[in-house]
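Chains, contacts and geometry: an overview
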Amino acid sequence: MSELRPDLAVIADHVKPGARVLDVGCGDGELMAVLRSRGCDARGIEIDRGNVSAAVGRGLSVIQGDADTDLVNYPDKAFDYAILSQTLQTARAPDKVLEELMRIGRRAFVSFPNFAYWRVRLSLAWGGRMPVTPALPVSWYETQNIHQLTIDDFRAFVRERGITVEQAWFLTGSRRRGAAAANLRAEHAVFLVSR
Amino acid sequence: MSDDSRFGLARSVTLPGPLALDGGARLSPVSIAYETYGTLDAAGTNAILICHALTGDQHVASTHPITGKPGWWTRMVGSGKPIDPARHFIICANVLGSCLGSSGPASIDPATGTPYAMRFPVITIRDMVRAQAMLLDHLGVRMLAAVVGGSMGGMQVLQWAATYPERVLSAVVIASAARHSAQNIAFHEVGRQAIMADPRWRNGDYYAEGDPPASGLAVARMAAHITYLSEAGLTEKFGRRLQARDAKSFGFDADFQIESYLRHQGISFVDRFDANSYLYITRAMDYFDLAEEHGGLLANAFAGSKRTRFCLVSFDTDWLYPTAESRAIVHALNAAGAPVSFVELSSPFGHDAFLLDVPELNRVVDGFLRAGESR
């Protein structure tokens, strides 16, 4: 098995074995496959047809669906964890998606690229151009990231909604870094939140 | 097991019944024609039931006795295929109401000694499934590793999961729906009226004359066949091309290739299918509404299915059982907490895609079934 994407590795290491997990935006199921091997009951939602058939082809319970519209049917607290990795910034209504996540899962992992990362700021402030970085590799006109946010934006966002940050991890590339000045220095963040 | 006459190709059994039907009648005896492939393992864990569509039959992977054509699902069932006799014990039975050996309107009514014709009781999808359960009891198959079907076969799979959840570990529902829409019913009614408008139908009593309503049945098949294909597929295959001529005839001969093709579909169908069976089975499909049986809430149908894994597949060009129908089932399964996989595959073939060459379908079904076997 190839190495997990860094934010997924953080999540995989902190999901309790045997937990019930819903991975929203699960791609081809790489995280789900690892969780399954640790005894988790993992389910997934993915928008891309090719990814879905690849995931189902490897025996994972994945449905083709959209985080914006297909979460409403899950019962309250149906999962120990709801996971939204690199998907929040692609949602049409990120606030509603997060609310659904908090309803469906007892806890939620949310990971996203930090738009206040210094390289991004540099690109915008000095280059005057929308950033294209390893974490944000696609040009403005074709990016799926329609709701860019920063680490501080997320912190304020959950605080306003009475959601508690239980734990947070900050990454640059695959390297973990401390919380100090994370909003400037971290390329990615992973939050574990609950209400 | 090989010398057990219950197993193998072209089998048939007549069970005493009675089978209590949804319509209130009791059917007795109940004949079921079926085939089995492969061998049931000692623990009884490798049985797969395949449910056929409206005009399908038990010859899922064996030569059809009338047409001489290969089985209708050899792309899915066979050596090296997702459903493989080397690994699985495969059962496929002709549905109740059909005409390839199972009890239907052409069967002899023991009360009169003549064919039932329209005196055969109206049946439902659930009645078909109950008859299959009787067959499995006869075969000594308690658990099904999987129930698999497309179109009307998918309806039976859903009905299996709802009616006998404790017997079904995995359910594969392809290009199907949990209820028949007004449009579905409308197309079926056109077919039935075509049959009944044929003077040879004789209110269903045509068996003694040996002169069935072939014209009406052929028209029914022609109309239905259009619904199995996509507009884009028809355009690509036929367009406006003329049939073996250089110019329009200014008459009503089959000028266009599509006309000739449809006429051929209609004419060849009547050789292998009974018109009354077509009436009864389309009626059963029209009556199908799984939510209605469960207080109007589809999720309730799956309340007992928490152990059953589901896999649903739809096709983007299928306008007869569109993706929205599969998605409604997925949402109900999510609400019921059942494990479910779902994908809409891309294919130019319309509803018929489930029978045709769609490699992604095989990959999805194979992965899903194997994951169930490794549990």
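Residues numbered from 1 in each chain as written. Chains lettered and ligands numbered in written order. Predicted model: local features only at pLDDT ≥ 70, side-chain atom pairs only at ≥ 80, totals over all residues.

**Side note on the packing of helix α3 (residues 49–57) of chain A against helix α10 (residues 359–373) of chain B**
What counts, and what does not: Axis geometry follows a simple rule: fit a line to the C-alpha atoms, using only the stretch in contact for helices, then measure angles between N-to-C directions, giving values from 0 to 180 degrees. Runs of H or I in DSSP of at least four residues are treated as helices and runs of E of at least two as strands, each being numbered from the N terminus. Throughout, a residue-residue contact means that the two C-beta atoms, derived from backbone geometry, are no farther apart than 7 Å. Note that Gly is not counted as nonpolar here; it falls among the polar residues with everything else outside the nonpolar set of Ala, Val, Leu, Ile, Met, Phe, Trp, Tyr, Cys and Pro and the charged set of Asp, Glu, Lys and Arg.
Contact geometry of α3 of chain A with α10 of chain B gives a least axis separation of 7 Å together with a crossing angle of 40°. Residues Ser 53, Val 56 and Gly 57 of chain A of α3 of chain A form the contact with α10 of chain B, whose participating residues are Glu 360, Arg 363, Val 364, Gly 367 and Phe 368 of chain B. Looking at the contact of α3 of chain A with α10 of chain B, its residues break down into three nonpolar, three polar and two charged.

**Digging into the pairing of strand β6 (residues 89–93) of chain B**
All names here are of chain B. For clarity, the threshold we go by: To sort residues by exposure, count the other C-beta atoms lying within 10 Å of each residue's C-beta; 20 or more gives buried, 12 or fewer gives exposed, and values between give partly exposed, all with C-beta atoms placed from the backbone. Pairs of strands are assigned from DSSP output, requiring at least two bridges between the strands.
Summarising burial for β6: five of the five residues are buried, a large majority. Across the two faces of β6 the burial is the same, with Phe 89, Ile 91 and Ala 93 and Ile 90 and Cys 92 all buried. In the sheet, strand β5 (residues 47–51) pairs with β6 via four bridges, with the strands oriented parallel. Paired with Leu 49 across the strands is Ile 91, a residue of β6.

**Quick look at the interface of chain A and chain B**
The interface is formed by 16 residues belonging to chain A together with 21 residues belonging to chain B. For the side of chain A that touches chain B, the elements supplying multiple residues, two or more each, are α3 and β3 (61–64) of chain A. Among the elements that take part in the side of chain A that touches chain B, α3 of chain A stands out by supplying five residues, more than any other. Classifying every residue of the side of chain A that touches chain B by side-chain character gives seven nonpolar, six polar and three charged.

**Notes on the confidence of the model for chain B**
Residues shown with low pLDDT carry predicted positions that ought not to be read at fine detail. To keep things clear, this is the line we draw: pLDDT measures how confident the predictor is about each residue, on a scale from 0 to 100.
Across chain B, the average pLDDT comes to 96, with 99% of residues at 70 or higher. Scored as a whole, the predicted complex attains pTM 0.94, and scored at its interfaces, ipTM 0.89.

**A word on the pairing of strand β12 (residues 340–345) of chain B**
Two faces make up the sheet, and in a regular strand the side chains alternate between them. All names here are of chain B. Formally: Viewed with both strands pointing away, a crossover whose connecting path from the first strand over the helix to the second turns clockwise is right-handed.
With respect to burial, β12 is a largely interior element, six of its six residues being buried. With burial as the criterion, each face of β12 is covered, one bearing Val 340, Phe 342 and Glu 344 and the other bearing Ser 341, Val 343 and Leu 345. Tracing the backbone out of strand β11 (residues 309–315), into helix α9 (residues 323–336) and back to the parallel element β12 gives a crossover that is right-handed.

**As for the packing of helix α1 (residues 6–14) of chain A against helix α2 (residues 30–37) of chain A**
Residues and elements named next belong to chain A. Selection criterion: Here the angle decides the label: under 35 degrees means roughly parallel, over 145 means roughly antiparallel, 65 to 115 means roughly perpendicular, and every other value means oblique. Each crossing gets its hand from how the near helix is turned against the far one by less than a right angle, where anticlockwise is left-handed and clockwise is right-handed.
Where α1 meets α2, the axes come as close as 10 Å, and the angle between the chain directions of the two elements is 25°. If you check the angle between α1 and α2, you find them roughly parallel. The interaxial crossing formed by α1 with α2 has right-handed handedness. Residues Leu 8, Ile 11 and Ala 12 of α1 touch α2, and the partners they reach there are Glu 30, Leu 31, Val 34 and Leu 35. When grouped by side-chain class, the residues that make up the contact of α1 with α2 number six nonpolar, no polar and one charged.

**Considerations on the domain arrangement of chain B**
Residues and elements named next belong to chain B. Operational definition: The split of the chain into domains comes from an automatic or database domain assignment.
Looking at chain B, the domain boundaries give domain 1 (11–180 + 290–373) and domain 2 (184–282). Relative placement of domain 1 and domain 2: their C-alpha centres are 26 Å apart. Taken together, the contacts link 25 residues of domain 1 with 22 residues of domain 2. Its residues assigned to classes, the side of domain 1 that touches domain 2 comprises 15 nonpolar, nine polar and one charged.

**Quick word on the nonpolar core**
Soluble, globular proteins show a tendency: their nonpolar side chains are buried together. Rules: The nonpolar core criterion groups buried Ala, Val, Leu, Ile, Met, Phe, Trp, Tyr and Cys residues into a set whenever they are joined through C-beta atoms within 7 Å.
Core analysis: the biggest nonpolar cluster contains 174 residues, and Ala 82 of chain A together with Ile 48, Val 147, Val 157, Ala 171 and Val 172 of chain B have the highest contact counts within it. Counting contributing residues, this core receives three or more from each of domain 1 (11–180 + 290–373) and domain 2 (184–282) of chain B. For Val 157 of chain B, the residues in contact, after removing those within four places along its chain, are Cys 51, Val 147, Val 148, Gly 149, Ala 171, Val 172 and Val 173 of chain B.

**Section: unusual backbone geometry**
Excluding glycine, a negative phi dihedral is what most residues carry, and trans is how most peptide bonds are arranged. Residues and elements named next belong to chain B. With an omega of -5°, the peptide bond between Gly 17 and Pro 18 qualifies as cis. Tracing the backbone shows Pro 18 in the loop between β1 (11–15) and β2 (19–20). Here the residue pair Ser 28 and Pro 29 is connected by a cis peptide bond, since its omega of -5° sits within 30 degrees of zero. Relative to the helices and strands, Pro 29 is located in the loop between β3 (26–27) and β4 (30–37). In the Ramachandran plot, Ala 10 falls in the positive-phi region, its phi being about 50° despite a non-glycine side chain. Examined against the element boundaries, Ala 10 turns out to sit in the segment before β1. The backbone of Ala 244 shows a phi angle near 50°, a positive value even though the residue is not glycine. Looking at the element boundaries, Ala 244 is found in the loop between α5 (231–237) and α6 (257–270).

**Focus on helix α2 (residues 152–163) of chain B**
What counts, and what does not: By this rule the span expected of a helix is its residue count minus one, scaled by 1.5 Å.
Over its 12 residues, α2 of chain B runs 16 Å from end to end, which matches the ideal 16 Å to within 8%, given 1.5 Å per residue. Most of α2 of chain B sits inside the fold, with 11 of its 12 residues counted as buried.

**Considerations on the environment of Leu 320 of chain B**
All names here are of chain B. Of note, Leu 320 is situated in the loop between β11 and α9. The exposure class assigned to Leu 320 is buried, which follows from the 22 C-beta atoms found within 10 Å. Expressed as a C-alpha distance, the spacing of Leu 320 and His 180, which sit 140 residues apart in the sequence, is 9.8 Å. Other than its neighbours up to four places away in sequence, Leu 320 contacts Asn 184, Thr 227, Tyr 228 and His 351.

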